[in-house]
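Breakdown of the fold
Spelled out from the first residue to the last, the chains are:
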Amino acid sequence: MTVRERFREAVEEKVRKALEGMGCDACFEVETPSSGVADIAVPCFPLAKVLRKAPQAIAAELCGMIECDGPVCEVKDVNGYLNFFIDQDVLVRETLQEIVSAKEDYGRHPSKGVKVNVEHTSINPTGPIHVGRARNPIIGDTLSRCLRRCGYEVEAEYYVNDVGKQVVLLTWGVRNLPESDVDGSDRAKNDHRLVPYYRRANQMMEEDENVRAEISSMLQRFETGDQEVIDQVREVTEMMLDGLRETLDSIDVRLDRYTWESQYIADGSARKVVESLKQSPYCGDNDGSAYLELKDFGIHGKNTRFTFTRSDGTTLYTTRDLAYHLDKFRRADRAVDVLGEDQKLGSQQLTAALEILGSEKKPEAMFYSFVSLPEGKMSTRRGTVVYLDDLIDEAVERAYEEVKSRRDDLSEEEMRGIARVIGVGAVRYNIVRVQPEKKMVFRWEDAMNFDGNSAPFLQYSHARACSILRKAGEFTRTADETLLTDEYERRLVSALSLFPEVIRDCGENKRIHMLPSYAHELASAFNQFYAVVPVLNSGDLRDARLTLVDCARVVLKETLDTLGIVAPEGM
RNA sequence: GGGCGCGUGGCCUAGCCAGGAUAUGGCGGCAGCCUCCUAAGCUGCAAGUCAAGGGUUCGAAUCCCUUCGCGCUCGCCA
């Protein structure tokens, strides 16, 4: 248990006892004031009715009955509130001791023995990732990292859509069009290189009846399980995925597993889902096409019909998705789906269908809104898409110029290395910074922000801490609270002590945008400390201050790591 | 039209789920700070009808209702 947790429990216990002393066993709230007037406060207004006294009088009376000890060092009554203060000496000593002994495991919660599958990215393999979709891998990867730190065993997974007209069309194009027939692409990466084939195939299908016939026969063979066509599609999809993986690697998004949609056709599980759903009382038939009536499952309006087979009996995307979710539930205790907001209805229907199938587990969806451009939606047709690869390159390039302008002592290679880490960090940070359900407008200057609330701000604090430690050489670690009494030292320790509960909030409540917010608060506390408190030339206080700097370095590093951002030792 | 989500200083954003004391930060603006550990930093100032209206409450950015604006959605597509 952390000092803060013990503090909170002690406060609750003291207030409970004091209330008992007044002959009252009413419930009360404990809150953290935003303005910093107390570490924890208990508002006495709700007690006024029960005790039939003015809140101010209750607060005063309770205050007189409470004795401070342990982590609770002071209690005051102010305007009907009971304000409690944590003992700074205890906080400093115990927080630093914990970080010094746990090191990079500080804030890592013990294993829960629960497996969580996080499905994210799952972008259709028909083109490169554009910034409109980039929230998905970054949110998914950050959530995976938070959950791991919360003690869950996480498997991050990409569901590869290798079924359907789009991929068949792409496959046809790649297999039948000579290179000379298609436009060139800006990049040699497979995902960019194949797009012109897809575009041309689309065009030809619209213009040429024979092509249309060829493709529709290919599609038919695919859906009846023709292994040759399935393999061809798989091969082309692999090529495309190759390019997507390269992009994901470049921003440190780690996937543990790729699952292919065609698998659920091949192994018959989608078929089983169909058979099983047909037994359900909610099943109906419309010209041979089977559907579920979901009005009893909290789905309103005209959207209550959920179709799961075509009239020729073949399965639909959603049917395969059901088989996929049943599979995920066999492999994990929980399944989280990171989805675009356009999937909301589909996800609701999926959950209802899973319930009908008798699944006891439900997928936990996490939705994000789309990224648009100042001039409106991104559109491939209008050529207004911004590719993630371009954003990364641009951010890295800008970071390079920045590094170059302030460091003339580094080699070209070192500058390039730092620039990459900063550019990529800035991109990731600026995407997770905002709540997923809020819509984002993509602006180059925001996406590559290097000041204030940005990844480079955090990285810079970390680099500064490293720089001090590098110059310090060997020192003896000490968590002697009597040596760390400066206001800025104490504020920094306070920020450090929050890390474990921030991690818990991010993981347990899937509120990952709280992590950037905390990271900024921490880095800011460090920068303030750095500006006013000398470390290397601080005489008797040197070891204690170096210990604090090292602890700050550890927590900054781990915070950045949880955000999937590299913490450079110099920049 | 029905459903879901969003609306917080010029711009971006936290807080909303579990209602409480002067609403969190950042960008931009203005004014300062490098004889000292990296100024991608630090300090200060100006800037707010928490979309609008009503309700519940001792108390509402937070809960409820209505309205407005924006996004998504309502395929035998994936």
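Let me begin by describing the structure that accompanies this report. (Residues numbered from 1 in each chain as written. Chains lettered and ligands numbered in written order. Predicted model: local features only at pLDDT ≥ 70, side-chain atom pairs only at ≥ 80, totals over all residues. Heavy atoms only, no water.)

**Observations concerning the overall build of chain A**
Helices and strands together make up the secondary structure of chain A, namely 20 helices and 13 strands. Each principal axis of the C-alpha distribution contributes one length, and for chain A these read about 85 × 65 × 40 Å. Across the 571 residues that make up chain A, the buried fraction comes to 53%. Within chain A, counting contacts between residues at least 6 apart in sequence, those at least 24 apart form 74% of the total. Entry remark: accessible area of chain A is about 26,400 Å², with carbon and sulfur atoms responsible for 45%. The average position of the 75 basic charges and that of the 97 acidic charges among the side chains of chain A differ by 2 Å. (Helix = DSSP H or I, 4+ residues; strand = E, 2+ residues; numbered from the N terminus. Buried < 20%, exposed > 50% of the residue type's maximum accessible area, 1.4 Å probe, protein only. Contact = heavy atoms within 4.5 Å. Areas by Shrake-Rupley, 256 points an atom, 1.4 Å probe, with all protein chains shown as cover. Lys, Arg positive; Asp, Glu negative; His and termini not counted. Charge placed at Lys NZ, Arg CZ, Asp CG, Glu CD.)

**Considering the environment of Asp 87**
Positionally, Asp 87 belongs in the loop between β3 (81-86) and α4 (88-102). Note on Asp 87: relative accessible area 19%, which makes it buried. As for Asp 87 and Phe 7, which are separated by 80 residues in sequence, their C-alpha atoms are 8.8 Å apart. For Asp 87, the residues in contact, after removing those within four places along its chain, are Gly 70, Pro 71 and Cys 73. Looking at Asp 87, its side chain comes within polar contact range of the main-chain nitrogen of Asp 89, at 2.8 Å. A polar contact of 3.2 Å, which involves the side chain of Asp 87, links it to the backbone nitrogen of Val 90. (Polar contact = N/O pair within 3.5 Å; in protein donor to acceptor, adjacent residues only side chain to side chain.)

**Examining helix α12 (residues 317-331)**
Compared with an ideal rise of 1.5 Å per residue, which puts 15 residues at 21 Å, α12 spans 21 Å between its outermost C-alpha atoms and is within 8% of the ideal. Of all the 15 residues making up α12, 11 are buried; the element is thus mostly covered by neighbouring parts of the structure. For α12, the complete set of buried residues consists of Thr 319, Arg 320, Asp 321, Leu 322, Ala 323, Tyr 324, His 325, Asp 327, Lys 328, Phe 329 and Arg 331. (Expected span 1.5 Å × (residues − 1).)

**What about the sheet that holds strand β7 (residues 283-286)?**
Across the sheet, 3 strands lie side by side as β7-β8-β9; this open sheet has antiparallel pairing. Edge positions in the open sheet fall to β7 and β9 (305-307), since each of these has one partner strand only. Strand after strand, the sheet turns through a mean of 35° between neighbouring axes, direction not considered. Bridge count for strand β8 (residues 289-293) against β9 is 3 bridges, and the pairing is antiparallel. Paired with Glu 293 across the two strands is Arg 305, which belongs to β9. (Pairing = 2+ DSSP bridges. Axes fitted to C-alpha atoms, helices over the stretch in contact; angles between N-to-C directions.)

**A short note on unusual backbone geometry**
Despite not being glycine, Arg 52 has its phi angle at roughly 55°, a positive value. With respect to the helices and strands, the residue Arg 52 is situated in the loop between α2 (47-51) and α3 (55-65). Look at Thr 121: it is not a glycine, yet its phi comes out positive at around 70°. Residue position: Thr 121 is located in the loop between β4 (115-119) and α5 (135-149).

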